[in-house]
Amino acid sequence: MDYWIAIDKKKIGPLSLSDVRSRRLDPETLVWHNGLATWCKASTLPELAGSLAGESENAECGSGSAAEDHAQAPVFNMPEVPTRAAGPISSRPSYIESRGPVEIPERPTTYLGWSIAAIILCCMPPAIVALVYSLRVSSKYNEGDYAGAKKASERAEIWLIVAIVVGLVWMPFSMVLGLF
């Protein structure tokens, strides 16, 4: 089960139960996990009782009247539980923030200019394929699909080389035939 904790008005999570226990939380620290209606004090969760820095209360989270629970409700919204669905990184900020600093690789070469030049000067069909892959590099990189961006860059390079080679091979024939 994934846990979220609130420290210095920042949500941290998802964390495993062992990660939460290793932090030696204050009994007043707010904690949330799936199945809880609201954020609760760490001292009210039985699974955290032995790992708190101070003494724990025996109260249960959400006990009391609905009016009391609403009055004690913290300012935090429930965290977005990260999914495995593909999408922009910005749609999962709590997940990214919880894992610490993320090393973002450098954007691969797009070969966009070379692809356009190959379309104008050389062999059009393979150069168009190179152009399509060149355009995919930036879009995949901006979505956070770094592996996809690298793969698109490699394919753009291959198709660009194919376009240049085909253009160089075709050029003498087109000169002889007067097509150039």
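Residues numbered from 1 in each chain as written. Predicted model: local features only at pLDDT ≥ 70, side-chain atom pairs only at ≥ 80, totals over all residues. Heavy atoms only, no water.

**Structural notes on the overall build of the protein chain**
What the protein chain contains, in helices and strands, is six helices and four strands. A total of 180 residues make up the protein chain; the buried ones form 29% of that total. Of the contacts made within the protein chain by residues no fewer than 6 positions apart, 55% connect residues no fewer than 24 positions apart. Working note: accessible area of the protein chain is about 11800 Å², and carbon and sulfur atoms make up 59% of it. (Helix = DSSP H or I, 4+ residues; strand = E, 2+ residues; numbered from the N terminus. Buried < 20%, exposed > 50% of the residue type's maximum accessible area, 1.4 Å probe, protein only. Contact = heavy atoms within 4.5 Å. Areas by Shrake-Rupley, 256 points an atom, 1.4 Å probe, with all protein chains shown as cover.)

**Describing the packing of aromatic side chains**
Summed over all chains, the structure comprises three aromatic pairs. Ring geometry for Trp4 against Trp32: centres 5.4 Å apart, planes inclined by 55 degrees, an arrangement best described as tilted. In this pair, Trp4 is assigned in strand 1 (residues 3-7) and Trp32 in strand 3 (residues 30-33), connecting sequence segments 28 residues apart. Like Trp4, the residue Trp32 is buried in the burial classification. Arranged with centres 6.4 Å apart and planes meeting at 35 degrees, the rings of Trp170 and Phe173 form a pair that is tilted. Here Phe173 and Trp170 lie together in helix 6 (residues 146-177), a separation of three residues that amounts to about one turn. (Phe/Tyr/Trp six-rings, centres within 6.5 Å; stacked < 30°, edge-to-face > 60°.)

**Section: the sheet that holds strand 2 (residues 10-15)**
Spatially, 2-1-3-4 is the arrangement adopted by the four strands of the open sheet, whose pairing is antiparallel. Edge positions in the sheet fall to strand 2 and strand 4 (40-41), since each has one partner strand and no second. Bridge analysis of strand 1 against strand 2 gives four bridges, and the strand direction is antiparallel. Across the sheet, residue Tyr3 finds its bridge partner in strand 2, namely Leu15. (Pairing = 2+ DSSP bridges.)

**Brief notes about helix 4 (residues 112-121)**
Residue pairs spaced three or four apart in an α-helix point in one direction, given the helix's 3.6 residues per turn. Of the residues making up helix 4, those classed as buried are Ser115, Ala118 and Ile119. All buried residues of helix 4 lie within an arc of 100 degrees about the axis, which places them on one face of the element. Turned more than 90 degrees from where helix 4 packs its buried face, Trp114, Ile120 and Leu121 sit exposed. Buried residues along helix 4 sit against helix 5 (124-143) and helix 6. (Arc of directions from axis to C-beta.)

**A closer look at the confidence of the model for the protein chain**
Looking at the protein chain, pLDDT values average 74 and 71% of them are 70 or higher. With pLDDT under 50 throughout, residues 63-75 is counted as low confidence; its partners more than four residues away or in other chains account for five contacts. Below a pLDDT of 50 lies the segment residues 81-98, which in the model reaches 27 contacts outside its immediate sequence neighbourhood of four places, other chains included. (pLDDT = per-residue confidence, 0-100.)

**Focus: the pattern of salt bridges**
Throughout the structure, instances matching the rule amount to two salt bridges. Between Glu28 and Lys41 there is a salt bridge, and its shortest N-O distance comes to 3.2 Å. One end of the pair, Glu28, is in the loop between helix 1 (17-22) and strand 3; the other, Lys41, is in strand 4, with 13 residues separating them in the sequence. Exposure remark for Glu28: the relative accessible area of 43% places this residue in the partly exposed category. Put simply, Asp145 and Lys140 hold a salt bridge, and the shortest N to O gap is 3.9 Å. What makes Asp145 partly exposed here is its relative accessible area of 30%. Residue classification places Lys140 among the partly exposed residues on the basis of a relative accessible area of 27%. (Salt bridge = Lys/Arg side-chain N within 4 Å of Asp/Glu carboxyl O.)

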